[in-house]
Amino acid sequence: MSQGASQPHVIVEGAGTLFAIEQGAVREVVPARALTRLPGASAAVRGLLNVRGTLVTVVDLATRFARGTSAGEELSVVIVVTQSRTLGLLVNDVIDVQAYSADDFVPTGLEPPDPALRGMGHFDGRIVLSVDLQELARQTFA
Amino acid sequence: MDSARYRDLFLTEARDHLVAINQALIALEHIPRASQPAAGAGDGASDGATRASVDALFRAVHTVKGMSGVMGYVAVGSLSHAMETLLARVRAGEEALDGEQLALLFDASDALEAAIEGAAGAQESALDVTSLVERLQGRASVVRAMAADLAAVAPGGPALPAGDGVAVHVVLEPGTILPGARAQLVVARARTLGAVTAVVPDEGAMLGDEFDGTFALRLVCDADDAAIEGALRAAGFVQGVRVVHGAAGAPRPAAGRVAPDGDADAPDAAVPRTAAPRPDAEARFAAAWGSEALKAPLQRYVRIDLRRLDQLMALVGELMIVRGRLAQRATLHADPALDEAVSEASRFIGELQDAVLGGRMVPVWQVFDRFPRVVRDAARTLGKDVEFVIEGREIELDRSLLEQVADPLVHLLRNAIDHGIEDPDARLAAGKPAAGRLTLSASRERNAVVIRLRDDGRGVSRARVLAKAKALGLVDEERESLEDEEILRVIARAGFSTAERVTELSGRGVGIDAVVSRVRALGGVVDLRSAEGEGTTFSLRLPVTLAVIPALLARVGGESYALPLTHVTETLQLSRGVVRTVRGREVIVIREEVLPLLHLRDVVGLPGRDAGHDASASHVVLVEMAERRAGLVVDQLVGQEEIVVKPFDAVRGAASCFNGATIMGDGSAALILEVGSLL
């Protein structure tokens, strides 16, 4: 770990790509049950999930950031709250919790850069993408 | 103490009292001036009406004053106190309620509203009410000065029992919080100077509601007048101190019955002014401040924070969803005892839902009663004469829905007064009464509440709307007339206005479009009927509640959707209608009516309309909104259900015809199709 205030991040995996999500924003992880497709929304928006009576918009991280699709029997939805908006992140698995500081992430090579990505870092010898939840929510909601 | 919570309570309650104050003022304004009480002879009926309105006004102002005292809102307190003092004199017959005074009270009511909102918004310091308080007191001080003069010329009538020492008359500053306690402080100060042998009113009465800060005491001491005055003023909030030597005291100024113009013909003026105990004046005074008038009707209701009701509603919604799941699971077990328990639970949950929904219903008067003031002010501004009638004020509507429909209604009211109702001269020339009639009514029709606003004004000028519509390219050039629903469609276009002038109130071309879209967003429909020269009627048809709606559940391509029943007229098998193509668009002919045909599959962006599905088994749901109708093709009809509407955050790019969803028995969500946005 390098210098600077480090924050715990939840490491999740979607269709083979690793993502780091600030743990402070994570409310819970629920199994992905029937999602209700939202006509007209972008492909990354997988639909609405009923979380104990509240409808949460679910975004597939793999589709949004890695041109993949999270598929399989036991998908999970990481429920995050950013700026009082609730968003569900569809992933294959929740792997670990790891502390990162801002300078653990370097800019991605994407051209143009994706504003919803803070950068990339590494976890257990693999690349991990740091997601800017606030920006992701801003892009998702009208 | 949780001050924010009390502030909210204060605000809610104070707003109700403001409505009462405005209603009473408007009622007073409508009573012929000649029969105002102090003017002498009037007919009994309007005297009674005046009395009742003044009492209502007094009661509301008094309550606001009391509440503001507890909350420590000084501006509200001093304003309401000044209003109350003025009204007390009116009730005692000391002062007539003329037009000038009514206008002053209207101004005071506005200032009171500002003060209340300001106080609750914690911006009280920004508000200066002194000038109004002075205007209200201006009349008071004139009367008081006259009373003092009277006391000086009248040797009799001591309010204080005779005795040694001097009589000291004290008046506290208006608006003094807890005047009784302050007065007792003054009395305590006096005791430091010498023996206080009498206090009028007594210390018990000072703590009562009727104490207005005016009192007298008899003091035996060696101090000179200036020393006495200085000592008593040091207690604070003392407006005036008068020391009277000799056995003769003065009557309490407010108790002196003074006709403002000194009219000797005023009732009871014949009572000798020298009469020692002045029993009639005292009795009148007591009655004016009397506890009877202040008694509020017994409370049958409690106030509940709307959020608690919302929470209850959400919980009942969850229960209903669980009920569906339970019922579904129970069918798998074929256990009669289980079935019975489930059906019993199901019935109670249904009743619970009705009860909770009932708790959210409020009579429309809670919003309608604010309107007479709006109408009065708008009519005055525009120089119109308007008679405003409210009908069906007991009809109930979901609280949140009612609140959301208030703004659109205000707009329609102002619009009617501005554009609908003519100037008095124009009305007389057209053979109508000078005063326009504006009727706001609420009625229950099937599972909807209809709010109608009817005016007897000039009606919509079809020629002008048609010309404007042509100019904007909204209709073909060769059209010669417009139907009512077309007129609404034209004037509801954002930015459309035929008003020749931009008045202060409306005509800026914004408004009707906002009204229509707001009502539509609430699941309602706006309808317009207008006859030139005879008037215009706007009808707002609204669902009774937003939280639970009856809906038809339909499936297409394996997905479920809910169609609100308010817009569904009937369903039939696709094979029973004749499908044709007219100008490249599919239509269905049903009972000689040709309706455009829409496919839900296309609406929700599912591919392959006919692939793998037997089209003849499809159903057509006939939907209608305002005067527009269409057929909507679905794969399968599941049934009719009461669904709980759940909102969700709008997602970028998502079809705008979906703003809510409902949760099905299996826990998944089904989108609710807003039919209005399809047509």
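Residues numbered from 1 in each chain as written. Chains lettered and ligands numbered in written order. Predicted model: local features only at pLDDT ≥ 70, side-chain atom pairs only at ≥ 80, totals over all residues. Heavy atoms only, no water.

**Examining the overall build of chain A**
Looking only at helices and strands, chain A has two helices and 10 strands in total. Taken from the N to the C terminus, the helices and strands of chain A come in the order β-β-β-β-β-α-β-β-β-β-β-α. Relative to its full complement of 142 residues, chain A shows a buried share of 51%. When the accessible surface of chain A is split by element, carbon and sulfur atoms take 49% of a total near 6900 Å². (Helix = DSSP H or I, 4+ residues; strand = E, 2+ residues; numbered from the N terminus. Buried < 20%, exposed > 50% of the residue type's maximum accessible area, 1.4 Å probe, protein only. Areas by Shrake-Rupley, 256 points an atom, 1.4 Å probe, with all protein chains shown as cover.)

**A few points about the nonpolar core**
Ile21, Leu61, Phe65, Val80 and Leu89 of chain A are the most contacted members of the largest nonpolar core, which totals 54 residues. Among all residues touching Leu61 of chain A, those that are not within four sequence positions of it are Val12, Phe19, Ile21, Ala66, Leu89, Leu90, Val91 and Leu136 of chain A. If you look at the next biggest cluster of nonpolar residues, it comprises 52 residues, including Leu412, Ala442, Ala469 and Leu488 of chain B. (Core = buried A, V, L, I, M, F, W, Y, C linked by side-chain atoms within 4.5 Å. Contact = heavy atoms within 4.5 Å.)

**Considering the sheet that holds strand β4 (residues 45-51) of chain A**
Residue and element names in this part refer to chain A. The strand order across the open sheet formed by five strands is β3-β6-β7-β5-β4, and the pairing between neighbours is mixed. In the strand order of this sheet, the two ends are held by β3 (26-31) and β4, each with one partner. Within the sheet, the average angular offset between the axes of one strand and its neighbour, ignoring direction, is 30°. By the bridge criterion, four bridges tie strand β5 (residues 54-60) to strand β7 (residues 85-91) in an arrangement that is parallel. Residue pairing in the sheet places Val59 in a bridge with Leu89 of β7. (Pairing = 2+ DSSP bridges. Axes fitted to C-alpha atoms, helices over the stretch in contact; angles between N-to-C directions.)

**Concerning the environment of Leu574 of chain B**
Residues and elements named next belong to chain B. Within the fold, Leu574 resides in the loop between β14 (568-573) and β15 (578-582). Its relative accessible area of 13% is what places Leu574 among the buried residues. Sequence separation of Leu574 and Ala617 is 43 residues, and the distance between their C-alpha atoms is 7.0 Å.

**Looking at the pattern of salt bridges**
Evaluated as defined, the whole model comprises 30 salt bridges over all chains. Note that Asp114 of chain A and Arg64 of chain A form a salt bridge whose closest N and O atoms lie 2.9 Å from each other. Here Asp114 of chain A is found in the loop between β8 (93-100) and β9 (117-123), whereas its partner Arg64 of chain A is found in helix α1 (residues 61-66), with 50 residues between them in sequence. The class of Asp114 of chain A is buried, set by a relative accessible area of 15%. Looking at Arg64 of chain A, the relative accessible area reads 22%, which means it is partly exposed. For Lys65 of chain B, the salt bridge goes to Glu84 of chain B, with nearest N and O atoms at 2.7 Å. Of this pair, Lys65 of chain B sits in helix α2 (residues 44-71) while Glu84 of chain B sits in helix α3 (residues 74-91), placing them 19 residues apart in sequence. Look at Lys65 of chain B and you get buried, because its relative accessible area is 16%. What makes Glu84 of chain B buried here is its relative accessible area of 0%. Several salt bridges converge on common partners, so that one network encompasses Glu29, Asp110, Arg373, Arg376, Asp377 and Arg380 of chain B. (Salt bridge = Lys/Arg side-chain N within 4 Å of Asp/Glu carboxyl O.)

**Some words on the sheet that holds strand β1 (residues 7-14) of chain A**
Residue and element names in this part refer to chain A. The five strands are arranged β8-β1-β2-β10-β9 in an open sheet whose pairing can be described as mixed. Of all the strands in the sheet, just β8 and β9 have a single pairing partner and so form its edges. Strand-to-strand, the axes of this sheet are offset by a mean angle of 35°, without reference to chain direction. Bridge count between β1 and strand β2 (residues 17-22): six bridges; the pairing is antiparallel. When the bridges of β2 are listed, Ile11 appears paired with Ala20.

**Thoughts on the packing of aromatic side chains**
Residue and element names in this part refer to chain B. Applying the stated criterion across every chain, the model contains five aromatic pairs over all chains. Arranged with centres 4.9 Å apart and planes meeting at 70°, the rings of Phe10 and Tyr73 form a pair that is edge-to-face. Within this pair, whereas Phe10 is found in helix α1 (residues 3-30), its partner Tyr73 is found in the loop between α2 and α3, the two being separated by 63 residues in sequence. Under the relative-accessibility criterion, Phe10 is labelled buried at 4%. It is Arg376 that lies over the ring of Phe106; its NZ or CZ is 3.4 Å from the centre. (Phe/Tyr/Trp six-rings, centres within 6.5 Å; stacked < 30°, edge-to-face > 60°. Lys NZ or Arg CZ within 6 Å of the ring centre and 35° of its normal.)

**Quick notes on the environment of Ile663 of chain B**
Here Ile663 of chain B shows up in strand β22 (residues 658-663). A C-alpha to C-alpha distance of 7.9 Å links Ile663 of chain B and Ile643 of chain B, two positions 20 residues apart in sequence. The contacts of Ile663 of chain B, once residues within four sequence positions are left out, are Asn50, Gly53 and Leu55 of chain A together with Ile321, Lys646, Ser668 and Ala669 of chain B.

**Regarding unusual backbone geometry**
In this model, Glu111 of chain A is joined to Pro112 of chain A through a cis peptide bond whose omega is -5°. Within the secondary structure, Pro112 of chain A is located in the loop between β8 and β9. Look at the link from Val200 of chain B to Pro201 of chain B: it is a cis peptide, with omega at -5°. On the secondary structure map, Pro201 of chain B appears in the loop between β2 (195-200) and α7 (203-206). At Ala15 of chain A, a residue that is not glycine, the phi angle is positive and equals roughly 45°. One can find Ala15 of chain A in the loop between β1 and β2. Relative accessible area serves as the criterion here: at 39%, Ala15 of chain A is assigned to the partly exposed category. Backbone geometry places Ala334 of chain B, a non-glycine residue, at a positive phi of 50°. Considering the arrangement of structural elements, one finds Ala334 of chain B in the loop between α11 (306-333) and α12 (336-360).

**Quick notes on helix α14 (residues 371-382) of chain B**
Residue and element names in this part refer to chain B. With 12 residues, α14 should cover 16 Å at 1.5 Å per step; its first-to-last C-alpha distance of 16 Å lies within 8% of that length. Of all 12 residues in α14, nine are buried, a share of seventy percent or more. Residues of α14 that are buried include every one of Phe371, Pro372, Arg373, Val374, Val375, Arg376, Ala378, Ala379 and Leu382, and no others. (Expected span 1.5 Å × (residues − 1).)

**Side note on the interface of chain B and chain A**
On the chain A side, the residues contacting the 24 residues of chain B number 21 residues. On the chain B side of the contact with chain A, Asp649, Val651 and Arg652 of chain B bury the most area, a combined 31% of that side's loss. At the junction of chain B with chain A, the criterion picks out one salt bridge. Here Arg37 of chain A and Glu559 of chain B are joined by a salt bridge, their closest N and O atoms 2.6 Å apart. Linking chain B with chain A are nine residue pairs in polar contact (both at pLDDT 80 or more), by the criterion used here. (Buried area = accessible area lost by both parts, 1.4 Å probe. Polar contact = N/O pair within 3.5 Å; in protein donor to acceptor, adjacent residues only side chain to side chain.)

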